[in-house]
Structures are given as structure tokens and as C-alpha cells.
Amino acid sequence: MSGMFDQMLSHYDISTSSALRNAIFEIMQQVALAGLQRGGFFEKAAFYGGTCLRIFYGLGRFSEDLDFSLLKPDDNFNIEDYFPAIVEEFKTLGREVIITKKDKRNFGKVESAFLKDNTHVYNLSFQTEKSYKIKIEVDTQPPLGFSTEQKLLLQPFSFMTRCITLPGLFAGKMHALIFRGWGNRVKGRDWYDFEWYIRNGVKLDFKHFKERAKEFNDLDLTPDTFQEKLINRLSSTDIELVKKDVLPFVKNPQELEIWSTEYFITLARMIKFQ
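To start, this report covers the structure provided alongside it. Bear in mind the structure is a predicted one, so any value in this text is a computation, not a measurement.

**Looking at helix H7 (residues 188–199)**
Here H7 contains 12 residues, and its C-alpha end-to-end distance of 17 Å stays within 8% of the 16 Å for a straight helix at 1.5 Å per residue. For H7, the tally of buried residues reaches 11 of 12 residues, placing the bulk of the element in the interior. Burial in H7 covers these residues: Gly188, Arg189, Asp190, Trp191, Tyr192, Asp193, Phe194, Glu195, Trp196, Tyr197 and Ile198. Buried residues along H7 sit in contact with helix H3 (50–57), helix H6 (166–179), helix H9 (223–235), helix H10 (239–246) and helix H11 (261–268).

**Points about the state of the cysteines**
What the rule picks out here adds up to 0 disulfides. Distance from the sulfur of Cys52, which forms no disulfide, to the nearest cysteine sulfur (Cys163) is 3.7 Å. We classify Cys52 as buried; its relative accessible area is 0%. A residue is classified by how much of its surface remains accessible, and Cys163, at 0% relative accessible area, is buried.

**Things to note about the packing of aromatic side chains**
Counted under the stated rule, the structure contains 25 aromatic pairs. Here Tyr263 and Phe264 contribute two aromatic rings whose centre-to-centre distance is 5.4 Å and whose plane-to-plane angle is 70°, an arrangement assigned as edge-to-face. Each of the two residues, Tyr263 as well as Phe264, counts as buried. Through a chain of ring-to-ring contacts, the aromatic side chains of Phe41, Phe42, Phe47, Phe56, Phe68, Phe77 and Tyr82 assemble into a single cluster. One cation-aromatic arrangement involves Arg21 over Tyr132; the distance from NZ or CZ to the ring centre is 5.3 Å.

**Focus on unusual backbone geometry**
The omega angle of the peptide bond from Gln155 to Pro156 is 5°, so this bond is cis rather than trans. The phi dihedral of Asp218 falls on the positive side, at around 55°, and the residue is not glycine. When you line up the elements, Asp218 lands in the loop between helix H8 (206–217) and H9.

**Overview of H6**
Taking 1.5 Å as the rise per residue, H6 with 14 residues should run 20 Å; its terminal C-alpha atoms sit 20 Å apart, in good agreement. Counting buried residues along H6, 14 of its 14 residues qualify, which places the element largely inside the surrounding structure.

**Here we look at the nonpolar core**
Judged by nonpolar contacts, the single largest core of 88 residues is most densely connected at Phe194 and Phe209. No other element matches the 10 residues that helix H2 (residues 17–38) contributes to this core. Excluding its chain neighbours within four sequence positions, the residues that come into contact with Phe194 are Phe170, Lys173, Met174, Leu177, Leu230, Leu234, Phe264, Leu267, Ala268 and Ile271.

**Details of the environment of Ile86**
Mapped onto the fold, Ile86 is located in helix H4 (residues 83–92). A relative accessible area of 0% places Ile86 in the buried class. Between the alpha carbons of Ile86 and Val31 there is a distance of 7.5 Å; along the sequence they are 55 residues apart.

**Some points on the pairing of strand S6 (residues 148–153)**
Both S6 and strand S7 (residues 159–164) contribute to a ladder of 6 bridges, which runs antiparallel. Directly across from Leu153, in S7, lies its bridge partner Phe159. The antiparallel pairing of S6 with S7 creates a hairpin that spans 5 residues between the two strands.

**Things to note about the pattern of salt bridges**
This model, assessed by the stated rule, comprises 12 salt bridges. Between Arg61 and Asp193 there is a salt bridge, and its shortest N-O distance comes to 2.7 Å. Of this pair, Arg61 sits in the loop between H3 and strand S2 (66–70) while Asp193 sits in helix H7; the two residues are 132 residues apart in sequence, bridging distant segments of the chain. Overall, the relative accessible area of 2% leaves Arg61 in the buried class. Two residues, Asp220 and Lys210, come together in a salt bridge whose shortest N-O distance is 2.6 Å. Here Asp220, found in the loop between H8 and H9, pairs with Lys210, found in helix H8; they are 10 residues apart in sequence, far enough to count as distant. Looking at Lys210, the relative accessible area reads 22%, which means it is partly exposed. Taken together, the shared-partner salt bridges connect Arg61, Lys173, Arg180, Asp190 and Asp193 into one network.

Rules behind the numbers
Residues numbered from 1 in each chain as written. Predicted model: local features only at pLDDT ≥ 70, side-chain atom pairs only at ≥ 80, totals over all residues. Heavy atoms only, no water. Helix = DSSP H or I, 4+ residues; strand = E, 2+ residues; numbered from the N terminus. Expected span 1.5 Å × (residues − 1). Buried < 20%, exposed > 50% of the residue type's maximum accessible area, 1.4 Å probe, protein only. Contact = heavy atoms within 4.5 Å. Disulfide = S-S within 2.5 Å. Phe/Tyr/Trp six-rings, centres within 6.5 Å; stacked < 30°, edge-to-face > 60°. Lys NZ or Arg CZ within 6 Å of the ring centre and 35° of its normal. Core = buried A, V, L, I, M, F, W, Y, C linked by side-chain atoms within 4.5 Å. Pairing = 2+ DSSP bridges. Salt bridge = Lys/Arg side-chain N within 4 Å of Asp/Glu carboxyl O.

Right, dumping it as C-alpha cells:
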């Protein structure tokens, strides 16, 4: 790694290979966000998802992808217009990166289950170390009804990033937890985030959740039917598979000792709506 990368890495615990890998991913994400900000991307889009929650709101697990939503639908939006700014940002740190568009025909069933046809997906990787790869995803026809705020990031320089607010992020996460089509696989990271929202007293933006359920699932849910579907998903999922999925992304495995089906059903009944 180059000098600025080394300086940024010094802020992380990199005592194990997995910790080092997670730290490098997070630095890549921050540099990409810096490039997007310099390019004016956040005048039209907002950051959301697990990585947003990790970087700006203190989520205790690492996350891999960069997920964005336009502030209003625009089929003519082209995120590739902002890629030169990302590439240039990495160059200032002495790193060469490549950004390639993902062919949706090659997506696995798990990956494609939640992607609309007008979602743009790209991979960003180092020129010489392609195993370090982050996915960039932009929804150009997003479900609306969410609010945003400006959040400060200090590395690789001080800049502001437009993010969906916590209640909106909570709504998106609950939609994913309930409706994500994983088949026999489970994304335990959804459950980890769900617990985090409850422990931090975040209210759920039900207006935004309804918009997502209507657009993706053609459902008009009430708070009661939402909670019914959530508890059904929690009750029908193997908690050991949930733990297994999230384990590589958490610093302290002891956090998961309390996890059980009954524990998460109790959390579900604690959800408060905005």
C-alpha cells in the first residue's frame, strides 16, 4: 500500500488477515465516496445501506458494497460520468483502479433477487490486486418518501456526503429482511443491522417502507401486517445460519451469544414507527 493508504490503515486494528481485508475495503469505500463528492454526485443521489450505516452511524460490523439512490427517478442518469473523479481520487493516493460494469446475465439468483432492471451495478477494484473489489450500485428509479442529511467524513479529506436518514435506512433494511429472496441462504447481516436499530432507539420510517413494499412487491401493508410478515420471517429462519453468515463481519463474536428466534421476535415487537 502507498503512504496515504498506510496512514488510513493505521486507524484500524489489522492484527488478523480478515481485519486487514475489511480495513482495506473500508478505505476503498471512503476514497470512492470522496471521488463521488468531488464530482458532484451527491447533488443528485444519496448513500444508503450497510456501508452507509457502518461509516457514518457507527454500525459494529464491516460491509462490502456502496449502495446509492437517486433523489428522484431519472432513466437518463449515467453514473459513469462520475467515474473519472473516483479514478483520480485513487491516483492522488498512488493507487490505480479499474471500474467495470457487471453483466446482469451473470448474476446469481441471490444477487439478482433484489435488483431492478434499471439498477446500475459496477465493480471497483485495484489494477494489480483484483481480489479487493467493492460493488457500486445505483437505483435510478428509487422508491421515494425518504429524507436525507449531510454527514461528515474526515478521510481521505474532510467532506460531506448526502445520506438517507436513519429512519429511512431502517425502513430499507426491514424491507430487505422480510422480502429478500435468498432461498436456502440467509443474510445474517440484515439481522445484525435490525438489532442495531432497535438497540439505538431508531424509529422506522413507515411511509418509506410502504413505498418500497408497493414498488417491489405490489403490497399495501399496514403496521400490523408489516409486523406479522416480519415475525413470520424471523420464526421461519434457522438462527444458526443467520449467525454463520454474519460472523466474518463482526469484531466480537460474543455479541451473537444472545441471538435466538425468541430474541428477535422480542425485538420485532419493540419497533416504533416514525
